[in-house]
Amino acid sequence: DPQMEPAKERKLRKWIKEGKISSDEFNDLLQEKLVERCMFWGDVLGVCDWKFYLRITRIADMIMDGCVAEVAYNDELAKAHISICSPCDFLRTNSRDTEQELIHELLHVRLRRLVISMGFMHKPLNAIQNVLMENVIDQMSQGIIDMARTTDKGVIIPVIIIGGDD
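Residues numbered from 1 in each chain as written. Predicted model: local features only at pLDDT ≥ 70, side-chain atom pairs only at ≥ 80, totals over all residues. Heavy atoms only, no water.

Caption draft 1: Geometry of a negative patch on the surface. A surface patch of like charges, here negative, comprises D24, E25, D28, E32 and E36. Locating E32 in the fold gives a position in helix α2 (residues 23–44). Of the residues examined, E32 reaches a relative accessible area of 51% and is grouped as exposed. (Patch = residues over 30% accessible without salt bridge, like charges linked within 9 Å, V, L, I, M, F, W, Y side chains within 5 Å. Areas by Shrake-Rupley, 256 points an atom, 1.4 Å probe, with all protein chains shown as cover. Salt bridge = Lys/Arg side-chain N within 4 Å of Asp/Glu carboxyl O. Lys, Arg positive; Asp, Glu negative; His and termini not counted. Charge placed at Lys NZ, Arg CZ, Asp CG, Glu CD. Helix = DSSP H or I, 4+ residues; strand = E, 2+ residues; numbered from the N terminus. Buried < 20%, exposed > 50% of the residue type's maximum accessible area, 1.4 Å probe, protein only.)

Caption draft 2: Region of the structure containing the sheet that holds strand β1 (residues 51–57). Read across the sheet, 3 strands follow the order β1-β3-β2 without closing on themselves; strand pairing throughout is mixed. Strands with a single pairing partner mark the edges of an open sheet, and in this sheet they are β1 and β2 (69–74). Taking the axes of each pair of neighbouring strands and ignoring which way they run, one obtains an average angle of 15° across the sheet. Bridging between β1 and strand β3 (residues 79–85) involves 7 bridges; their strand directions are parallel. Within β3, the residue paired with I56 across the bridge is I84. Along the sheet, α2 contacts β1 and β3; its crossing angle with β1, the most-contacted strand, is approximately 155°. Its contacts with the sheet put helix α3 (residues 98–110) on β1, β2 and β3, and the angle it makes with β2 is roughly 30°. (Pairing = 2+ DSSP bridges. Axes fitted to C-alpha atoms, helices over the stretch in contact; angles between N-to-C directions. Contact = heavy atoms within 4.5 Å.)

Put into structure tokens, the structure is as follows:
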């Protein structure tokens, strides 16, 4: 039941703070859940023919400073490596929705053809183009997750929300 998920997540966060579960155990549970969601969203977003490698990592190990998720893909091999920052690094700060972050990274793979067709395959985006692209993909991923979680009664059901002071 998706409505049970936030309570389970809050309990796990509390257990981490109290030392009842380790960060590694939490990350293993989260990774297992995200692999399931990656299979689901990969099918929905039309990238189910790709091979995805998911990794929960610490913020210090992220390649791009300031990012909480990132993707590196090989178009020819149809493989992508998605790294999502461990929510354990954000237990005392704002909540994060790791499922939305997963969708965001999958959208990068889905929209890769657009980036190629616009001539950006062999030259990096400039700072303004990069911000615009990230904003568009972020709005799309938020809209997708909101639609998926909205019931016929108009209630939004969070599924994988980690962090914050709940």
